[in-house]
Amino acid sequence: MTELLRIEDLVVRFGGRNGVNAVDGVSLSIGRGETLALVGESGCGKSTLARAVLRVQRIASGRILLDGEDITHISERQMRPFRRRMQMVFQDPYTSLDPLVPVGNSILEPRRAFSLPKGTNELAELMTAVGLSSALHGRKPSELSGGQRQRVGIARALSVEPELIVADEPVSSLDVSMQAQILNLLKRSARGRGIAFLFISHDLRAVRFIADRVAVMEKGKIVEAGPTSEILDNAQHPFTKRLIEAMPKVVSG
Amino acid sequence: MSSQAKAQASLLSIEGLCVEFTDRQSRSVKAVRDVSLNIEKGEMVAVVGESGSGKTALGMSIVRLLPGAGRITSGSILFDGLDLLAAEDRDLRAIRGKRIGVVFQDPMSSLNPYMTVGRQIAEVVELHLGLSRRDAREQAKELLDIVGIADAGKRVDQYPHEFSGGMRQRVMIAIAVSCKPDLVIADEPTTALDSTVQAQVLDLLDRLRAKIGMSVILISHDLALVAGRADRVSVMYGGRIFEQAKAAELFTQAANPYTRALLAAMPENAIADDELYQIPGMPPDLSVEVEACEFAPRCERAEAVCSEKRPTFTAVSDQHFSRCHFAEEFFEK
């Protein structure tokens, strides 16, 4: 698998010289079309790491390479073409969409931002791909369910044909039945479109289904990383073991 | 035991409860439809369902805290023999917070940001237990300690924003149990929290249940979360209880296709490497009342009878009920 994203010894510091390293020397890589899950408790630095990868968070030291090119310190102008290639799906489908804008416009907005053809044909295609009836394009977010809104968020990310999607807890505010639909959709997007995912989650049940590899983060550091089944079935680090222990279990017949 | 004798023994007895809301199109939405549920003393009952299934409306009806547009249209709720639906506001206030505690989903929006957490706990015990300001403060410290907040002596004077999400939820629990209630209603108490914190908060509720001998209604969308904790589980769909059973039996011998679909949709039950089971279709439009099974349009087992006749809530074994024309068939599976 060719490498798409490479993170080298990354440090994000909050609070100046005497502050804390929210991300403390993290090195990771994600291959093309690969899904890497980043797991840990809230406050461990996983969302900060994601923001640093997308260059919306100041980086103290270390390097980020996308497709071999160092994007750590390039200007915003130089960053633009890379922004199209890396998209984000947020946790909360309620607050991540403009409540006044019809969802069809929201989905196509990133295309306009990157001066791509407007893509009215693509709109129907995108909405179908994420399991939304294209008849819903004129609706406001408030007229859709939580699951439908998350589909809009995903269609929006897909609209500019990214190579990497950072998804920060994309299913944790959804019902079990909605979760299943969204997880299927994300996995199909990874497989069908060859998109790599940085999937941030505290839910190891979802992670087991979706991720090729898992990195476990504690207090700004990666404490354990490897193939999903290896990490979840044969955890070595006590923190990973604790996460697995806390996972709710059902024995169903 | 006759049903009447049983109702008398129950701490909480809900009979034929119906709740309606008026939506933005001024349509009447029947959120809870003819729900009956008994809670025994010391028991933990989980109410599970998708959003819009009516589980929160059911929980909030018990303490008559339905939001403005909601109203109880029929049914009865007996709490320790007292009819909560006929009770005066004054009597209700004496029960809410004292004998029935509530833990809401989002501790940030249910705690007052301008008041120290100590004050917020103290306020409750001053009001309900008649404690002096000084004693109430001591009580607040003790309660923080009980819910596992370290350094309670210092924390008692801090504000909600100085607490993490899990810690705030512990504060909510401290408030809910401050008067040693008979019943705590916990509405998605851990949905906004990490798995590790989720487990800690639920362990805490469980420990307090044993310590105080209180009953708990645990409202959640996640079957896995309530497994191994609840004594009994009620599964709601479209405003009705579709299945009710002892927890262990529900997970091994679900007698309702909706429960089975919910279990099948859990991420640990993937049907293929890249596919989770998806329940087809959408939850029902609750502004429409049908003389049929509400789940029939999404059900893989549905036959003609399902869209012609509403199934009754029938027993398939001891304390195990299901609302399905094929309940026996599913139970035997």
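Just so it is clear, the structure is predicted and the values come from calculations on it, not from any experiment.

Draft legend 1. View of the overall build of chain A. From N to C terminus, chain A includes nine helices and 10 strands. For chain A, the C-alpha radius of gyration of 18 Å lies close to 18 Å, the compact-globule estimate for 253 residues. When the backbone C-alpha atoms are referred to their principal axes, chain A occupies close to 55 × 50 × 35 Å. In chain A, 66% of the contacts between residues at least 6 apart in sequence involve partners at least 24 apart.

Draft legend 2. Spatial organisation of the sheet that holds strand β4 (residues 61–66) of chain A. Residue and element names in this part refer to chain A. An order of β2-β1-β4-β5 is seen for the four strands of this open sheet, with the pairing classed as antiparallel. Edge positions in the sheet fall to β2 (20–31) and β5 (69–70), since each of these pairs with one other strand and no more. In this sheet, β5 lies alongside β4 in antiparallel orientation, the contact comprising two bridges. Each bridged residue has a counterpart across the sheet, and for Leu65 the counterpart in β5 is Asp70.

Draft legend 3. How the structure looks around the sheet that holds strand β8 (residues 196–201) of chain A. All names here are of chain A. The mixed open sheet is built from six strands, whose spatial order is β6-β7-β8-β3-β9-β10. Of all the strands in the sheet, just β6 (86–89) and β10 (221–227) have a single pairing partner and so form its edges. The average undirected angle you get between the axes of adjacent strands in this sheet is 20°. Pairing analysis gives six bridges linking strand β9 (residues 213–218) to β10, with the strands arranged antiparallel. Its bridge partner being in β10, Met217 is matched across the sheet by Ile222. Across the sheet, helix α9 (residues 238–245) touches β3 (35–39), β9 and β10, and the angle it forms with β9 is around 105°.

Draft legend 4. A look at the interface of chain A and chain B. In this complex, chain A contributes 31 residues to the contact, which on the side of chain B involves 30 residues. Across the side of chain A that touches chain B, the residue classes break down as 12 nonpolar, nine polar and 10 charged.

Draft legend 5. Representation of the pairing of β6 of chain A within the structure. Residues and elements named next belong to chain A. Burial along β6 is two-sided: Met86 and Met88 and Gln87 and Val89, pointing in opposite directions, are all buried. Examined bridge by bridge, β6 and strand β7 (residues 164–168) share four bridges and lie parallel to one another. Bridge pairing in β7 links Met88 to Val166.

Draft legend 6. Just unusual backbone geometry, in detail. We note that Arg55 of chain A has phi near 60°; this positive angle belongs to a residue other than glycine. In this structure, Arg64 of chain B is a non-glycine residue whose phi angle is positive, near 50°. Mapped onto the elements of the fold, Arg64 of chain B is located in the loop between α2 (55–62) and β4 (70–79). Judged by local crowding, Arg64 of chain B falls into the partly exposed class, with 16 C-beta atoms found within 10 Å.

Here is what the cut-offs are and how they apply
- Once a new chain begins, its residue numbering starts again from 1 and follows that chain's sequence as written.
- As they are written, the chains are lettered A onward and the ligands numbered 1 onward, keeping that order.
- Local features in this predicted model are restricted to residues of pLDDT 70 or higher, and side-chain atom pairs are both shown and tallied only at a pLDDT of 80 or more, whereas totals for entire chains, interfaces and linings draw on every residue.
- A run of H or I in DSSP counts as a helix once it spans at least four residues, and a run of E counts as a strand once it spans at least two, with each numbered from the N terminus.
- Throughout, the radius of gyration refers to the C-alpha atoms, and the reference size of a globule is 2.2 Å times the residue count to the power 0.38.
- Here contacts are defined at the residue level, using C-beta atoms placed from the backbone and a cut-off of 7 Å between them.
- Strand pairing is assigned whenever DSSP identifies at least 2 bridges connecting the two strands.
- In this analysis, axes come from line fits to C-alpha atoms, helices being fitted only over the stretch in contact, and the angle between any two N-to-C directions falls in the range 0 to 180 degrees.
- Lys, Arg, Asp and Glu make up the charged group, whereas Ala, Val, Leu, Ile, Met, Phe, Trp, Tyr, Cys and Pro make up the nonpolar group; the residues left over, Gly among them, are polar.
- Exposure criterion: with C-beta atoms placed from backbone coordinates, a residue whose C-beta has 20 or more other C-beta atoms within 10 Å is buried, one with 12 or fewer is exposed, and one in between is partly exposed.

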